[in-house]
Number of protein chains: 2
Amino acid sequence: MRIVETPEAVRAGNTSLTGLVPTMGFLHEGHLSLVQAARASCDRIVMSVFVNPLQFDDPGDLERYPRDLERDAALAEEAGVDVLYVPPLEVMYPVEPLTTVATAGVTEQLEGKHRPGHFVGVATVVAKLFASLQPSRAYFGRKDHQQLAMVRRMALDLSFPLAVEGCPIVREPDGLALSSRNVFIGDRPRALSISRGLEAAADAVDQGIRDGDRLVALVEEQLDLDTVDYVALADQDRARVIERLDRPAFLAVAGHLGRVRLIDNLPLDLVGEMFVPDRGVRLSAPSALTRL
Amino acid sequence: MRIVETPEAVRAGNTSLTGLVPTMGFLHEGHLSLVQAARASCDRIVMSVFVNPLQFDDPGDLERYPRDLERDAALAEEAGVDVLYVPPLEVMYPVEPLTTVATAGVTEQLEGKHRPGHFVGVATVVAKLFASLQPSRAYFGRKDHQQLAMVRRMALDLSFPLAVEGCPIVREPDGLALSSRNVFIGDRPRALSISRGLEAAADAVDQGIRDGDRLVALVEEQLDLDTVDYVALADQDRARVIERLDRPAFLAVAGHLGRVRLIDNLPLDLVGEMFVPDRGVRLSAPSALTRL
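Residues numbered from 1 in each chain as written. Chains lettered and ligands numbered in written order. Predicted model: local features only at pLDDT ≥ 70, side-chain atom pairs only at ≥ 80, totals over all residues.

**A closer look at the packing of helix 7 (residues 118-133) of chain B against helix 8 (residues 145-157) of chain B**
Residues and elements named next belong to chain B.
So, point 1. Close contact between helix 7 and helix 8 brings their axes to 10 Å; oriented N to C, the two are set at 50°. Judged by the angle between their axes, helix 7 and helix 8 are oblique. In the crossing of helix 7 with helix 8, the sense of the turn from one axis to the other is right-handed. Listed contacts from helix 8 to Phe119, Val122, Ala123, Val126, Ala127 and Phe130 of helix 7 are Gln147, Met150, Val151, Met154 and Ala155.
So, point 2. Class assignment of the residues belonging to the contact of helix 7 with helix 8 gives a composition of 10 nonpolar, 1 polar and no charged. (Axes fitted to C-alpha atoms, helices over the stretch in contact; angles between N-to-C directions. Helix = DSSP H or I, 4+ residues; strand = E, 2+ residues; numbered from the N terminus. Parallel < 35°, antiparallel > 145°, perpendicular 65-115°, else oblique. Left-handed = near helix turned anticlockwise from the far one by under 90°. Contact = placed C-beta atoms within 7 Å. Nonpolar A, V, L, I, M, F, W, Y, C, P; charged D, E, K, R; others polar.)

In structure tokens:
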């Protein structure tokens, strides 16, 4: 594995099919599952590690965002990453950035409503990675389902010649969705109320429940957070709240527990004429990574 | 020369150094001079012809914008274009476009002030061309100097791995800057008041005049248009009005004559410690193209 700091160095080895796994580092099994997905269909895997200041709406969150490049490099190498792209701030932003990329119509609700500026920061930095690294495919987790929808639409709208792949959420044996921010969770039993709620909703969907309010209520009954930003059923294409499960959707939750903001969701895919909950991938043993 | 309709077909032949000449068609010697510049340093030249609806702030202007693909193809072939990219509307916009690219700080003044939405439309479509065609270089005329500044900054900010080249304005023997819209000029002598004013300012710069107001006044003395949108000295980097010629700049004019909106400018380059007016390229015989 090469560790490089410039887009030129990444592109130098571009073969016919390069897969990109964009991350903010502090890798966990969720990120590694994206590498695994990329290995199945790409000749060459590039992982980027960049904590993008532009997408943090909360300066405190940026400051305490966990970082450990040495560990990330070891994990990426082991997972089969060919090039680890770790751009310094002055490579990503050589001059004051004046250009922004914004995808309207996908970013007004849910996270967009609660994190002003966040999605413009994400769209802009992802567009930069796509423009400079020229991958054929890019891999994103379904954990940030609205982000996935936005990136997909951004890539289509800007004519980037690549496919955006969404991969299942990876969960701890107890159900908690993996996140680099999990290291800050104090009261784990209460954090588990989210996945417990989503599981209840998944069972209800399997039993034929299609009403949005009922599915949301099933989640809310379980929730035990300090504050809840939203619980909502939204369509996968545009991340807009819908009243009935009548197209591919996801049931999303966001809230705070102590100083940690947690998000999670249950993708509801349409397979033939059936709605199938994507319960994600459950680790058989607790993640060593998030317990560091 | 191949004529193609999809980005895939353009990229299929991408060699080490592809030069892109983006146009809205109805080619004149100004466009052809960009091809000539590209030939000097590129292995392969792609010209795009696309009248982008998103950048027209005036629907009437879009409707009457002149088009003649057959003539464009013949001229492009003769000039040495390798691939003529003529995307149908449904290739450029397969779905309702929700994503916009905006470069702040370069687009607030001059044209940006008088054509709301124009630069977002330009930045977005140029980003699409850069993303989908992956050129190594892109060529723009200095006639739209603010556009050139914006595209350059956009490409840098979004990390597109390409160089943006600005080429001299091409002028008729009588001084009129070439433009596809020149076919609509009724009163040519009055239109010439613009280039006459810029020539007077160029002479003044040669004589050491550096004061913005004096240079602007020299142009205004000559101007004989129906309405004047602006006459201004602006810096090349950010297209913002400056009071003195103390850095690379351009002296810009925009106004209306009948139903035609005319723009022109005098680039003022810093060569060593000297300010050198770029008077452009003067055709020795009238352009056959704009008299059609």
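That was the structure; now back to the text.
**What to know about unusual backbone geometry**
So, point 1. If you check the backbone angles, A:Gln134 has positive phi at about 50° while not being a glycine.
So, point 2. Along the chain, A:Gln134 falls in the loop between helix 7 (118-133) and strand 6 (137-141).

**Description of the environment of B:Asp82**
Residue and element names in this part refer to chain B.
So, point 1. With respect to the helices, strands and loops of the structure, Asp82 is situated in the loop between helix 4 (69-79) and strand 4 (83-85).
So, point 2. The class of Asp82 is buried, set by 21 C-beta atoms lying within 10 Å.
So, point 3. Linking Asp82 and Met1, residues 81 residues apart in sequence, is a C-alpha distance of 4.7 Å.
So, point 4. The contacts of Asp82, once residues within four sequence positions are left out, are Met1, Arg44, Ile45 and Val46. (Buried ≥ 20, exposed ≤ 12 C-beta atoms within 10 Å, placed from the backbone.)

**Thoughts on the sheet that holds strand 9 (residues 227-235) of chain A**
Neighbouring strands of a sheet are bound in pairs by backbone hydrogen bonds; such pairs are parallel or else antiparallel.
Residue and element names in this part refer to chain A.
So, point 1. One open sheet accounts for 4 strands, arranged 9-10-11-12; its pairing is antiparallel. Each having just a single partner strand, strand 9 and strand 12 (274-277) make up the two edges of the open sheet. Within the sheet, the average angular offset between the axes of one strand and its neighbour, ignoring direction, is 15°.
So, point 2. As judged from the 9 bridges shared by strand 10 (residues 249-257) and strand 11 (residues 260-271), these two strands associate in the antiparallel manner. In the strand pairing of strand 11, Ala254 is matched with Ile263. (Pairing = 2+ DSSP bridges.)

**Brief notes about the relation of the copies chain A and chain B**
So, point 1. Each copy superposes on the other: chain A lies on chain B with an RMSD of 0.0 Å after a rotation of 180° and an axial shift of 0.0 Å. Put plainly, the chains are arranged around a two-fold axis. Considering only C-alpha atoms, the part of chain A nearest the rotation axis is A:Val101, at 2.3 Å.
So, point 2. In this assembly, 100% of the residues forming the interface of chain A have copies in chain B that are likewise at the interface, indicating an isologous arrangement. (Least-squares fit on C-alpha atoms with pLDDT ≥ 70 in both.)

**Describing the packing of helix 9 (residues 188-206) of chain B against helix 10 (residues 212-222) of chain B**
To characterise two packed helices, one gives the angle between the axes of the helices and the distance between these axes.
Residue and element names in this part refer to chain B.
So, point 1. Contact pair helix 9 / helix 10: the axes reach a minimum separation of 8 Å and the direction vectors enclose 150°. On the basis of their axis angle, the class for helix 9 and helix 10 is roughly antiparallel. For helix 9 against helix 10, the interelement crossing comes out right-handed. Within the contact between the two elements, helix 9 uses Ser193, Arg196, Gly197, Leu198, Ala200, Ala201 and Ala204 and helix 10 uses Leu215, Leu218, Val219, Glu221 and Gln222.
So, point 2. Classifying every residue of the contact of helix 9 with helix 10 by side-chain character gives 7 nonpolar, 3 polar and 2 charged.

**Focus on the sheet that holds strand 2 (residues 18-23) of chain B**
All names here are of chain B.
So, point 1. One open sheet holds the 6 strands; their spatial order is 1-4-3-2-6-7, and the pairing between them is parallel. In the strand order of this sheet, the two ends are held by strand 1 (2-4) and strand 7 (163-167), each with one partner. Taking each pair of neighbouring strands and ignoring which way they run, the sheet shows an average axis angle of 25°.
So, point 2. As judged from the 3 bridges shared by strand 1 and strand 4, these two strands associate in the parallel manner. Within strand 4, the position partnered with Arg2 by the bridge is Val83.
So, point 3. Across the sheet, helix 8 lies against strand 6 (137-141) and strand 7, angled at about 170° from strand 7, the strand it touches most.

**Some words on the domain arrangement of chain A**
Interfaces are often sized by the accessible area lost when the parts come together.
Residue and element names in this part refer to chain A.
So, point 1. The domain boundaries assigned to chain A delineate domain 1 (2-167) and domain 2 (180-282).
So, point 2. On a C-alpha basis, the centroid separation for the pair domain 1 and domain 2 is 24 Å.
So, point 3. Among the secondary structure elements, those contributing two or more residues to the side of domain 1 that touches domain 2 are helix 6 (111-114) and helix 8 (145-157).
So, point 4. Counting residues per element, the side of domain 1 that touches domain 2 draws most heavily on helix 8, at 3 residues. (Domains from an automatic or database assignment.)

**What about the pairing of strand 7 of chain B?**
All names here are of chain B.
So, point 1. In terms of strand pairing, strand 6 meets strand 7 through 5 bridges, oriented parallel. Across the sheet, Ala138 pairs through a bridge with Val164, a residue of strand 7.
So, point 2. Assessed by its sense of winding, the connection that carries the chain from strand 6 through helix 8 to strand 7 is right-handed. (Right-handed = clockwise from strand over helix to strand, strands pointing away.)

**Re the nonpolar core**
So, point 1. Core analysis: the largest hydrophobic core is formed by 164 residues, its most contacted members being A:Met47, A:Ala201, A:Leu251, B:Met47, B:Ala201 and B:Leu251.
So, point 2. Beyond its immediate chain neighbours, meaning those up to four positions away, B:Ala201 contacts B:Leu215, B:Leu218, B:Val219, B:Leu251 and B:Leu266. (Core = buried A, V, L, I, M, F, W, Y, C linked by C-beta atoms within 7 Å.)

**Topic: helix 9 (residues 188-206) of chain A**
All names here are of chain A.
So, point 1. In a regular helix each residue adds 1.5 Å, so 19 residues correspond to 27 Å; helix 9 covers 27 Å between its end C-alpha atoms and thus fits that length.
So, point 2. At Ile194, helix 9 shows its largest bend, some 25°.
So, point 3. Along helix 9, the residues that are buried comprise Ala191, Ser193, Ile194, Ser195, Gly197, Leu198, Ala201, Ala202, Ala204 and Val205.
So, point 4. Elements in contact with the buried residues of helix 9: strand 8 (170-171), helix 10 (212-222), strand 10, strand 11 and strand 12.
So, point 5. In the segment just after helix 9, Gly208 is the residue with positive phi, at about 100°. (Expected span 1.5 Å × (residues − 1). Bend = angle between axes of the 7 residues up to and from the residue.)

**Quick look at the interface of chain A and chain B**
So, point 1. With 26 residues of chain A in contact, the opposing surface of chain B contributes 26 residues.
So, point 2. Those elements that place two or more of their residues in the side of chain A that touches chain B are helix 1 (7-11), strand 5 (99-103), helix 7 and helix 8 of chain A.
So, point 3. The class makeup of the residues in the side of chain A that touches chain B is 15 nonpolar, 7 polar and 4 charged.

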